[in-house]
Amino acid sequence: MAAAMKSKNSSIPTNSSPENHTKLIEIKDYGYEDVGQQTACFQVYMDLCEVRQWYNVVIHPCESLQMVFISGQYRPSDPFEVVLPLPAQTVLSLEKLEQYIENIRPPDDSFTNKSLTLAIVEKDTSTVYYRVSSGLVPPDSAEVNQGKKRKHRDAFQNRKALSSWALEQHEQKFSAGCEQAEAEISSDPDPQGLDPGTGHIETEGSDVYRTKIPELKPETLSERDSNS
């Protein structure tokens, strides 16, 4: 299902064991033979009520298909959704999907949408929701496709221009910092803040570092030999 589902059932009767849960007993009391579908229905019911927080979640029987399904609301103001739980090993076909859409209906006939949400339940109870509708969805027209391509192209160009502008701003700031450091050092041959141990100085607002190289006096070979 496209949207994350929310529900508030004020009270869900529970017992110490899932086998004795009131809703699981209700599902089994319908007497249908597909135990896997019954188990999937119970797991989806608990997921909608406890995890996704749906409202007004109710379990219904479908006599024509010998299956159980669920109805509920994402929000109290939303229309009712119909959910058909299925175990993951269920083999689906277009004919089966059409049967599900035509026959899975709440008994009060308040549900008029030609769509159905399939809840596919794995053995580890993880569940994936798919919404299916009757008929085929027509492809987008050439004009719509061109509009989508143009939108993606414009977005890419905008991101590219923004990246270039940000790089240019960074380079300008770095160059300004370098010029400021050059001006400060040239105006003061022995700038304050120079660490005599390392010879490094950090200029404000810049990541530029300067190293002061000690002045070396030339010496002759004889002087060096005498010093040694």
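See the structure shown above.
First things first, this report covers the structure right here in the doc. What you are looking at is a predicted structure, and each value in this text was computed from that prediction instead of being measured.

**Points about the overall build of the chain**
Inference 1: The helix and strand inventory of the chain stands at five helices and seven strands.
Inference 2: Element order for the chain, N to C, with α for helix and β for strand: α-α-β-β-β-α-β-β-α-β-β-α.
Inference 3: When each of the 228 residues of the chain is scored for burial, the buried share is 29%.
Inference 4: Across the chain, contacts joining residues at least 24 apart in sequence account for 51% of those joining residues at least 6 apart.
Inference 5: As displayed, the chain offers around 15,900 Å² of accessible surface, 53% of which is attributable to carbon and sulfur atoms.

**A word on the sheet that holds strand S4 (residues 115-121)**
Inference 1: The strand order across the open sheet built from five strands is S1-S2-S3-S4-S5, with neighbouring strands paired in mixed fashion. One side of each edge strand has no neighbouring strand; the edge strands of this open sheet are strand S1 (55-62) and strand S5 (127-133). Within this sheet the neighbouring strands show an average axis-to-axis angle of 30 degrees, counted without direction.

**Things to note about helix H2 (residues 35-51)**
Inference 1: In a regular helix each residue adds 1.5 Å, so 17 residues correspond to 24 Å; H2 covers 23 Å between its end C-alpha atoms and thus fits that length.
Inference 2: Three or more residues of H2 are buried, namely Gln37, Gln38, Ala40, Cys41, Phe42, Val44, Tyr45, Asp47, Leu48 and Cys49.
Inference 3: Looking one or two residues beyond H2, the residue adopting positive phi is Gln53, at roughly 60 degrees.

**Some details on unusual backbone geometry**
Inference 1: Notably, Asn56 is not glycine yet its phi reads approximately 55 degrees, a positive angle.
Inference 2: Under the relative-accessibility criterion, Asn56 is labelled partly exposed at 41%.
Inference 3: Positive phi is not limited to glycine here, since Gln66 has a value of about 55 degrees.
Inference 4: Turning to its location among the elements, Gln66 is positioned in the loop between S1 and strand S2 (67-73).

**Things to note about the nonpolar core**
Inference 1: Val44, Leu48, Val57, Ile59, Ile70 and Val83 are the most contacted members of the largest nonpolar core, which has 19 residues in total.
Inference 2: For this core, the secondary-structure elements that each account for two or more residues are helix H1 (22-29), H2, S1, S2 and S4.
Inference 3: Among the elements that make up this core, the one with the highest residue count is H2 (seven residues).
Inference 4: Not counting chain neighbours up to four residues away, the residues in contact with Val44 comprise Ile70, Val83, Pro85, Ala119, Val121, Thr127 and Tyr129.
Inference 5: Listed in part, the 14 residues of the second largest apolar core include Cys62, Phe69, Tyr100 and Leu118.

What counts and what doesn't
Residues numbered from 1 in each chain as written. Predicted model: local features only at pLDDT ≥ 70, side-chain atom pairs only at ≥ 80, totals over all residues. Heavy atoms only, no water. Helix = DSSP H or I, 4+ residues; strand = E, 2+ residues; numbered from the N terminus. Buried < 20%, exposed > 50% of the residue type's maximum accessible area, 1.4 Å probe, protein only. Contact = heavy atoms within 4.5 Å. Areas by Shrake-Rupley, 256 points an atom, 1.4 Å probe, with all protein chains shown as cover. Pairing = 2+ DSSP bridges. Axes fitted to C-alpha atoms, helices over the stretch in contact; angles between N-to-C directions. Expected span 1.5 Å × (residues − 1). Core = buried A, V, L, I, M, F, W, Y, C linked by side-chain atoms within 4.5 Å.

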